[in-house]
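# Results of the structural survey
Here are the chains, one letter per residue:
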Amino acid sequence: MQELHDAPLAPLTTFRLGGPAARLLTAMTDAEVIAAVREADASGTPLLVIGGGSNLVIGDKGFDGTALRIATKGFELSGTSLELAAGEVWTDAVARTVEAGLAGIECLAGIPGSAGATPIQNVGAYGQEVSSTITEVVAYDRRTRETVTIPNTECAFSYRHSRFKAEPDRFVVLRVRFELEEANGLSAPLKYPETARAMGVEQGDRVPLSAARETVLGLRAGKGMVLDPEDHDTWSAGSFFTNPILDPAAFQDFLGRVHDRLGPDVTPPAFPAEDGRTKTSAAWLIDRAGFTKGYGSGPARISTKHTLALTNRGAATTEDLLALAREVVAGVHAAFGVTLVNEPVTVGVSL
């Protein structure tokens, strides 16, 4: 297991931000992951687990503890059942399932990060979420000090949330198991309107798997959501804020504010959610509150391609990024009474 001291963490994140770790370990096997976690727990050393770094905001002072980078490998396909090691690059794994002719995660192409992070965030995009195909998550339970297998029904999946996110200091994901679909080379039914429109088909239609993947990659690239070292619009964590989900009273208050600010004929995006609540669009809120694409004059700005992405233009600090995020949160709340919630995990800092 590789060990470094006073190790830079910024290169391990898609934001390319954050100070160093007192100690950085890179684990190549599940046994090394477990050994590192047990050592940190036994000594009382703070532990930061890093996968692909695509959903991580680290403070400028860094992390005074052990950072554990999970770099395990493993892609095992048996019929329609798939097992991924936590360190597998997610977008590469998606490509391999498409090549194998299996449907279920093809619209999650291009999402940066590692496979082990997908159940934590219940990663989703373009009408698919991993919760619909995950069967089990194998994790190390820091409370019981055992390796456990957690079935889908016990993962408490919801919109961008899970049991693993709710208990961040308990589970370290080791492997993720999926059940995919063999549909004669076709995708799962397309659920997302933008994807269907881009392909010239109707929602609910199936299309060739490779075409679905390539279409999603094109849509993501157009929004700066596919990593490119030369494009600062991709120096981000993707969507920085989750889409707000409002109860009936909050939604009615929101509608009133929209009509007062933008006029009675303006209708904001609204989608049915659980328990009679309504989901609206964070990107729409940000834009209508006056934070348009490219907003900002400093080294941290809103993406020129997508209002939901906050970006490092190359010389930003984490504090620059947080200052911009706080400005957006305050502006949206002042305009519409809705409080945006950050999607990335913050380390040593907060909004």
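Whatever comes next refers back to the structure up there.
Residues numbered from 1 in each chain as written. Predicted model: local features only at pLDDT ≥ 70, side-chain atom pairs only at ≥ 80, totals over all residues. Heavy atoms only, no water.

### Things to note about helix H9 (residues 318–336)
Here H9 contains 19 residues, and its C-alpha end-to-end distance of 27 Å stays within 8% of the 27 Å for a straight helix at 1.5 Å per residue. Along H9, the residues that are buried comprise Thr 318, Leu 321, Leu 322, Leu 324, Ala 325, Val 328, Val 329, Val 332, Ala 335 and Phe 336. For H9, the buried positions fall inside an angular range of 165° around the axis, keeping them on one side. Where H9 is buried, its residues contact strand S4 (56–58), helix H7 (248–262), helix H8 (282–288), strand S18 (300–302) and strand S19 (310–312). (Helix = DSSP H or I, 4+ residues; strand = E, 2+ residues; numbered from the N terminus. Expected span 1.5 Å × (residues − 1). Buried < 20%, exposed > 50% of the residue type's maximum accessible area, 1.4 Å probe, protein only. Arc of directions from axis to C-beta. Contact = heavy atoms within 4.5 Å.)

### Focus: the nonpolar core
When a protein is soluble and globular, its nonpolar side chains tend to lie buried together. By size, the foremost hydrophobic cluster in this structure holds 36 residues, and its most contacted members are Leu 84, Trp 90, Leu 108, Val 130, Ile 134, Val 137 and Phe 178. Sorting the residues of this core by element identifies strand S7 (81–85), helix H2 (90–99), strand S11 (134–141), strand S12 (146–151), strand S13 (171–179) and helix H6 (209–222) as the ones contributing at least two each. The next biggest cluster of nonpolar side chains, apart from the first, holds 34 residues, and it includes Phe 241, Ala 300, Ala 316 and Val 329. (Core = buried A, V, L, I, M, F, W, Y, C linked by side-chain atoms within 4.5 Å.)

### Details of the sheet that holds strand S1 (residues 2–8)
Each strand in a sheet pairs with another by means of backbone hydrogen bonds, the pair being arranged parallel or else antiparallel. One open sheet holds the four strands; their spatial order is S1-S2-S5-S3, and the pairing between them is mixed. The sheet is open, and its two borders are formed by S1 and strand S3 (47–50), each paired with just one other strand. Across the sheet, the mean angle separating the axes of adjacent strands is 25° when strand polarity is ignored. Pairing geometry for strand S2 (residues 20–27) and strand S5 (residues 63–70), over six bridges, is parallel. Within S5, the residue paired with Leu 25 across the bridge is Leu 68. Across the sheet, helix H1 (residues 30–43) lies against S2, S3 and S5, angled at about 145° from S2, the strand it touches most. (Pairing = 2+ DSSP bridges. Axes fitted to C-alpha atoms, helices over the stretch in contact; angles between N-to-C directions.)

### Topic: empty space enclosed by the protein
Scanning the model with the defined rule gives one cavity of 30 Å³ or more in all. For the largest cavity, the full set of lining residues is Pro 112, Arg 220, Gly 224, Met 225, Val 226, Leu 227, Thr 234, Ser 236, Ala 237 and Gly 238. (1 Å grid on protein atoms, 1.4 Å probe; cavity = no way out; pocket = protein on both sides within 12 Å on 5 of 7 lines; lining within 4 Å. Points joined across faces, edges and corners; volume = space filled by probe spheres on them.)

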